Amino acid sequence: MIVLKFGGTSVANAKNIKLAIQIIENKVKNNKLVVVVSALSGVTDLLLKTSNEAALKDESYKTTLEEIKQKHVETISNLISIKNQKALFETIEAEIEHLKTLFDGCYLLGELSPRTSDAIVSCGEILSSKIISIAIKEKIEETIFKDSRELLKTNSNFGKATINYSATYSLISNYFNSSKEKIVLLPGFIASDEKGNTTTLGRGGSDFTAAILANGCKATSLEIWTDVNGMFTANPKLVNQAKPIESISYQEAMELSHFGAKVLYPPTIQPVLSANIPIWIKNTFDAEANGTLVSNNPETNGNPVKGISHIEDIALLTLEGSGMIGVAGSSKRLFEVLSKENVNVVFITQASSEHSICIGILNNDAEKAKNAIDETFELEIAQHKINSCMVEKDLCIVALVGENMKNHQGLSGKMFSTLGKNNVNIRAIAQGASERNISVVINKNDVKKALNTLHERFFEDNTKQINLFVMGVGNVGEKFMDQIHTQKKFLKENLKINVRVIAISNSRKMHFNEDGIALKDWKELINKGENANLLEFIHKAKQLNLRNSVFVDITANDVVASIYDQFLKENIAVVTCNKIACSSKYDNYKNLKKLSRKYNAPFLFETNVGAGLPIIDTLKHLVASGDKVNKIQAVLSGSLNFIFNNFSETYSFHDVVKEAGVQGFTEPDPKIDLSGIDVARKILILIRESGYQMEIEDIENKSFLPAECMNTTENTSFFDSLIKNASHFDNLLKEANEKNSRLKFVATFENGKASVGLEFIPQESPFYNLEGKDNIVQFYTDRYVDQPLLIKGAGAGAAVTASGIFADVVRIGNI
Ligand code: ADP
Ligand code: ASP
Ligand code: MG
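Values in this document were obtained by computation on a predicted structure and should not be read as measured data. (Residues numbered from 1 in each chain as written. Chains lettered and ligands numbered in written order. Predicted model: local features only at pLDDT ≥ 70, side-chain atom pairs only at ≥ 80, totals over all residues. Heavy atoms only, no water.)

Q: Go over helix H21 (residues 615–624) with me, naming the residues and quoting the values.
A: For H21, every residue scored as buried is listed here: Ile 615, Ile 616, Leu 619 and Leu 622. Each buried residue of H21 lies within a common arc of 120 degrees when the element is viewed along its axis, so the set occupies one face. Opposite the buried face of H21, at more than 90 degrees from it, the exposed residues are His 621 and Ala 624. Against strand S24 (629–635), helix H25 (677–689), strand S28 (774–781) and strand S29 (789–794) lie the buried residues of H21. At the exit of H21 stands Gly 626, carrying a positive phi of roughly 95 degrees. (Buried < 20%, exposed > 50% of the residue type's maximum accessible area, 1.4 Å probe, protein only. Helix = DSSP H or I, 4+ residues; strand = E, 2+ residues; numbered from the N terminus. Arc of directions from axis to C-beta. Contact = heavy atoms within 4.5 Å.)

Listed below in structure tokens is the structure:
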């Protein structure tokens, strides 16, 4: 005999019920079957809603009842052959009439007792089982309907009654010993008390019905057919990467379900465990998939952690005070009063000082529990020996579960550090003595992030997901997006970094996708996106609260540069090619670095100097390893280098600057490059990264631009001024040729002083042969005294800048 249970979604409508019947047809070829069904999906909720409406004297209960009726009528019309429909419609009509009488009663009395509620809510399973039994009978004649209330006996604790096992098991075995049919179909969830009143087994209780029947009829296995491929390593609705667990022990399954894995109602395990009946959790919509086997001897895959589960809507109650220390019976009184009030305690911790006890309960019970506790400890509170009970709501419990965790060291350390790195604040910790479970209480807002990071840490082969929020998808930004698109697979396979772009924005539009933007379509998506709004962008990035979030600034905008602190404070890393923040006031630069350390959020800006060249990273390593930078000499402007390398008697200064702009080597405002400001910013950043304090005003800027050019306010007049002052530039070139030298815009830092300016570079200088848009930096340090450490290469251009930004993102992935 096999017991099969089909849950709400598996019997949601005619189409799904047909799939369930196919499964039954396959199984019945070789076995006698007991089939347990839930109410059609959503019906239990609707029945509860309707009862509450009626009890609150809200007439809408009538329309909701009509909605319930229509759901069933529609299912019959699409499922049952015409010849059997009439009789079934009559049965359903009678049930609906019965329901109406109950609702009318609630409406008239303005009251809903637990007993009436059970009578009402049981109708969901009665309706579904009556319909499904006829549907099966049409295919397999030897099918019989049996009302579970005749077999399952409980006490009268309506809403969640307790099974009287001895009475129940003897009724079940007597019944099955004499039943001849191949299939017995029963409604789940419902039972009856000694007086014959209908009771229910608690929400999700159909699983439990099936387990009790499995034990009572000595079934060889219990199959729970649901809408997912088994019990997953975490709730698949919250963790996309969660995978079905192939094999798990009863205890582990019980622990996971107790801590929120809704796929199995926790009490289900007990009856099958005692009879050693294996449970299969299978997917009605993917019957071929393996599913999960719950048994006594699970196969191990070497991972001590089997799954991660969570319970939402938890409140933490803390009772503390010197009056608890060494006073026997405080805990007893506390738990006694909670039990009297029917408050389920999910979580307990007690400090070894006995100074405080902390318990986790459901949010809904918080007020009731607090009042009862305060009343119990009234005297001690009045005498200031104990503080009145403290309540914190809207928390959540996350638990790691695994039988083998006890044999592995450092798992809790890994758990806490993973959460800590992601700025998830842990409010309380508990570890069962069995060490099958390590639980933490965290804020509800952090639950998705916590589950996903923990899942990544314990199940995903250490693949790290990086979530990017990209601001600025112009010239460089476009290249950056292309590079991610091309490299995504490589990074995942080789570096175990899964880069996802969650948001993109330019100055006009923005687009978000929590599951990652399809990179091949990003242009289309942003064009169709919502209007760009920086505040909204920040708000959404914070609200999504994704792990390893990175804000990527690919603008040259000062407003964008001023918001980094808001990200860093939320543990969102910042990667930027925008130089404004790091060359702003020293205090601001320092503050950003401080926030980055404090909130564990990397702040990387390699592309601020020399585009993709590893200049800042090298400098960081020099300083970190104890070296001291004494002098820097550099050509740091790829654009100026391009301009002076190409400027000649036959190629005018104006035309070269224009061309540099076209090729994307200058800032959008070329004056920033030509005035020397850009180079001053870069050397300032290098100086600061070398450990010196300096402001931009401290850098001497020996500008080569005539005043007229400097005084222009927009691009057109700037370019006009370059034509008007052509002779000034031509003279510079002439002088260079006469001196047998070349023009280079050089930045220098020496003896605590810095300057930038155009210089005539003689042939013997390493700067003389600097080609194209190359940059060169020479660091003279305590270790590199005579021969400086030299970094040279292309220092401007969209592709190299994009790759520098990309390298920073990868650095974060490797941290
Ligand atoms: P049924 O109606 O078939 O009884 P439930 O809705 O009670 O189904 O349980 C199945 C649901 O449990 C899944 O759709 C999934 O959203 C949720 N769930 C939560 N945690 C887990 C988990 N660890 N593994 C599988 N499912 C889970
Ligand atoms: N129909 C009941 C509920 O929704 C029982 C079940 O589906 O297991 O809680
Ligand atoms: Mg269920």
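The discussion continues.
Q: So what's going on with the packing of helix H3 (residues 61–79) against helix H4 (residues 82–109)? Which residues, and what values?
A: Remark: H3 packs on H4, axes separated minimally by 11 Å, with the N-to-C direction vectors making an angle of 165 degrees. Considered as vectors, H3 and H4 are oriented roughly antiparallel to each other. Judged by the sense of rotation from one axis to the other, the crossing of H3 with H4 is right-handed. Contact with H3, carried on its side by Tyr 61, Leu 65, Lys 69, His 72, Val 73, Ile 76 and Ser 77, involves Gln 85, Leu 88, Phe 89, Ile 92, Glu 93, Ile 96, Leu 99, Lys 100, Phe 103, Asp 104 and Tyr 107 of H4 and no other residues of that element. In terms of residue class, the contact of H3 with H4 is made up of 11 nonpolar, three polar and four charged. (Axes fitted to C-alpha atoms, helices over the stretch in contact; angles between N-to-C directions. Parallel < 35°, antiparallel > 145°, perpendicular 65-115°, else oblique. Left-handed = near helix turned anticlockwise from the far one by under 90°. Nonpolar A, V, L, I, M, F, W, Y, C, P; charged D, E, K, R; others polar.)

Q: Outline the site of ligand 2, listing residues and values.
A: Taken together, the residues surrounding ligand 2 are Ser 38, Thr 44, Glu 125, Phe 189, Arg 203, Gly 204, Gly 205 and Ser 206. The contact in question runs from an oxygen atom of ligand 2 to an N or O atom on the side chain of Ser 38, over 3.1 Å. With respect to ligand 2, the backbone of Gly 204 contributes an N or O atom lying 2.8 Å from an oxygen atom. Here ligand 2, which alone exposes 270 Å², has 86% of that area covered by the protein. Of the residues that constitute the shell around ligand 2, the class distribution is one nonpolar, five polar and two charged. (Near = heavy atom within 4 Å. Polar contact = N/O pair within 3.5 Å; in protein donor to acceptor, adjacent residues only side chain to side chain. Areas by Shrake-Rupley, 256 points an atom, 1.4 Å probe, with all protein chains shown as cover.)

Q: Could you give an account of the sheet that holds strand S14 (residues 390–401), naming the residues involved and the relevant values?
A: In spatial order, the strands read S12-S13-S11-S14-S16-S15; together these six strands make up an open sheet with antiparallel pairing. Of all strands in the sheet, those bounded by a partner on one side alone are strand S12 (345–350) and strand S15 (426–431). For this sheet, the mean angle separating the axes of adjacent strands, direction not counted, is 30 degrees. Lying on the sheet, helix H13 (residues 411–421) is in contact with S14, S15 and strand S16 (437–443); it crosses S16 at an angle near 15 degrees. (Pairing = 2+ DSSP bridges.)

Q: An account of the site of ligand 1 is needed here, citing residue identities and associated values.
A: Not every one of the 17 residues close to ligand 1 is listed here, only the nearest: Thr 226, Asp 227, Phe 232, Lys 237 and Lys 262. Val 263 places a polar main-chain atom, nitrogen or oxygen, 3.4 Å from an oxygen atom of ligand 1. Starting from 570 Å² of accessible surface for ligand 1 in isolation, the protein chains cover 90%.

Q: Please set out the side chain of Thr 801 residue by residue, giving values where relevant.
A: Turning to its location among the elements, Thr 801 is positioned in helix H29 (residues 798–814). The buried category is assigned to Thr 801, whose relative accessible area is 11%. Excluding residues that lie within four positions of it along the chain, Thr 801 makes contacts with Val 476, Cys 577, Thr 607, Ala 611 and Gly 612.

Q: Could you give me a rundown of the nonpolar core, with the residues and numbers involved?
A: In terms of nonpolar packing, the biggest core is built from 80 residues, with Phe 551, Phe 653 and Phe 704 touching the most fellow members. Top element by residues in this core is H25. It accounts for seven residues. If sequence neighbours within four positions are ignored, Phe 653 has contacts with Ile 643, Phe 644, Phe 647, Leu 674, Phe 704, Leu 722 and Phe 729. One finds Phe 6, Val 11, Leu 99 and Val 121 within the second-largest nonpolar core, a separate group that totals 49 residues. (Core = buried A, V, L, I, M, F, W, Y, C linked by side-chain atoms within 4.5 Å.)

Q: Summarise the state of the cysteines; cite the residues concerned and give the values.
A: In the structure shown here, the tally under the stated rule is zero disulfides. For the unlinked cysteine Cys 358, the closest cysteine sulfur is that of Cys 389, found at 9.6 Å. Overall, the relative accessible area of 11% leaves Cys 358 in the buried class. (Disulfide = S-S within 2.5 Å.)

Q: An account of the pattern of salt bridges is needed here, citing residue identities and associated values.
A: In total, this model carries 39 salt bridges according to the counting rule given. Between Lys 5 and Asp 207 there is a salt bridge whose closest N-O contact spans 2.6 Å. In this pair, Lys 5 sits in strand S1 (residues 2–6) while Asp 207 sits in helix H7 (residues 206–216), placing the two residues 202 residues apart along the sequence. Given the relative accessible area of 7%, Lys 5 is considered buried. (Salt bridge = Lys/Arg side-chain N within 4 Å of Asp/Glu carboxyl O.)

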